[in-house]
Amino acid sequence: RSEGDYFAAVSVYRQALESAPRSARLRWFLGSLYLDLGLLVDAQRELQLALRLDPSNVRPLTALGRVHHALGRKELAYQTLRRSLHQLPEQSAGYEPLTRLYLEWRCSDKAMAAYRRGLELGTEPDPTLEGQLRALQLVDQEGAAQCKAPSWSAGVAGS
């Protein structure tokens, strides 16, 4: 996978799962790989299985939130990401997809807070995302943006 050969990585993970079918870690890795390949149904299946096998590991939950978002299930993605970040707020991986959801819902302050928190935790800057954030802030300053995010709160940046 680190060499960019995702299909070979899928084969390796599948072979490893033949020996350890109840490995939550392998299921999480395979689910994340499927997500990167755009195989969303397969990703969802593996990530849900990883969570059933090891409910204490919330990292697959973050990937599952990304799957829900990619499938257009925005509210479920939001709930899943918020639950993940509530349980493990120092994981940087959850803040980028949360930022994107807030952007879609036109919540400039919440989007900026989530993006900054991700940067603080080591996420690489994303110039495209930063441009979208600036554009939404301009629209918000003109009074044209209205935040349409669900009102759930779980105590993480961008609530």
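Worth saying up front: this structure is predicted, and the values here are computed from it rather than measured.

Undergrad: Run through the side chain of S108, naming residues and quoting values.
TA: With respect to the helices and strands, the residue S108 is situated in helix α7 (residues 108-120). For S108, a relative accessible area of 5% gives the class buried. The residues touching S108, leaving out its near neighbours within four places in the chain, are L136, Q137 and D140.

Undergrad: Kindly report on the packing of helix α2 (residues 24-37) against helix α3 (residues 40-53), identifying the contributing residues and their values.
TA: Packing of α2 against α3 brings their axes to within 8 Å, and their N-to-C directions diverge by 160 degrees. Judged on the interaxial angle alone, α3 and α2 are roughly antiparallel. The hand of the α2/α3 crossing is left-handed. Two secondary-structure elements touch here, α2 through A24, R27, W28, L30, G31, S32, Y34 and L35 and α3 through L40, D42, A43, R45, E46, L47, L49, A50 and L53. In the contact of α2 with α3, the residues fall into 11 nonpolar, two polar and four charged.

Undergrad: Describe unusual backbone geometry, naming the residues involved and giving the relevant values.
TA: For R106, which is not glycine, the phi dihedral falls at a positive 65 degrees. You can see R106 is positioned in the loop between α6 (95-104) and α7.

Undergrad: Can you break down the environment of S92 residue by residue, with the values?
TA: Note on placement: S92 falls in the loop between α5 (74-87) and α6. Once you skip the residues sitting within four places of it in the chain, S92 turns out to touch G118, L121 and T123.

Undergrad: Now, about the environment of Y6: what can you tell me, with residues and values included?
TA: One can find Y6 in helix α1 (residues 6-19). According to the relative accessible area criterion, Y6 is partly exposed, its value standing at 27%. Spatially, the C-alpha atom of Y6 lies 7.7 Å from that of L37, the residues being 31 residues apart in sequence. Aside from chain neighbours lying at most four places away, what touches Y6 is R1, L33, D36 and L37.

Undergrad: Describe in detail the state of the cysteines, supporting the description with residues and values.
TA: Per the counting criterion, the structure on display carries one disulfide. The disulfide that involves C107 links it to C147, with 1.9 Å between the sulfurs. Its S-S torsion of about 80 degrees marks the bond between C107 and C147 as right-handed, since a negative value means left-handed. A residue pair is termed long-range when its members are at least 10 positions apart, and C107 in the loop between α6 and α7 and C147 in the segment after α8 (127-141) qualify at 40 residues. Overall, the relative accessible area of 41% leaves C147 in the partly exposed class.

Undergrad: How would you summarise the confidence of the model for the protein if you had to cite specific residues and measurements?
TA: In this model, the protein carries a mean pLDDT of 91, and residues with pLDDT of at least 70 account for 94%. For the protein, per-element mean pLDDT is lowest for α8, which scores 93, and highest for α3, which scores 98.

Undergrad: How would you summarise the packing of aromatic side chains if you had to cite specific residues and measurements?
TA: Using the criterion set out here, one finds four aromatic pairs in the structure. When the centroid spacing of 6.1 Å and the interplanar angle of 40 degrees are considered together, the rings of Y13 and F29 count as tilted. Of this pair, Y13 sits in helix α1 while F29 sits in helix α2, placing them 16 residues apart in sequence. On the basis of an interplanar angle of 40 degrees and a centroid distance of 5.1 Å, the ring pair of W28 and F29 is categorised as tilted. On the basis of relative accessible area, W28 is assigned to the buried category, the value being 15%.

Undergrad: Outline the pattern of salt bridges, supporting the account with residue identities and numerical values.
TA: Under the defined criterion, the tally for this structure stands at eight salt bridges. Here K74 and E104 are joined by a salt bridge, their closest N and O atoms 2.9 Å apart. Taken as a pair, K74 in helix α5 and E104 in helix α6 lie far apart in primary sequence, 30 residues in all. If you follow the salt bridges from partner to partner, you end up with R27, D42, R45 and E46 in one network.

Reading guide: rules and limits
- Residues numbered from 1 in each chain as written.
- Predicted model: local features only at pLDDT ≥ 70, side-chain atom pairs only at ≥ 80, totals over all residues.
- Heavy atoms only, no water.
- Helix = DSSP H or I, 4+ residues; strand = E, 2+ residues; numbered from the N terminus.
- Buried < 20%, exposed > 50% of the residue type's maximum accessible area, 1.4 Å probe, protein only.
- Contact = heavy atoms within 4.5 Å.
- Axes fitted to C-alpha atoms, helices over the stretch in contact; angles between N-to-C directions.
- Parallel < 35°, antiparallel > 145°, perpendicular 65-115°, else oblique.
- Left-handed = near helix turned anticlockwise from the far one by under 90°.
- Nonpolar A, V, L, I, M, F, W, Y, C, P; charged D, E, K, R; others polar.
- Disulfide = S-S within 2.5 Å.
- pLDDT = per-residue confidence, 0-100.
- Phe/Tyr/Trp six-rings, centres within 6.5 Å; stacked < 30°, edge-to-face > 60°.
- Salt bridge = Lys/Arg side-chain N within 4 Å of Asp/Glu carboxyl O.

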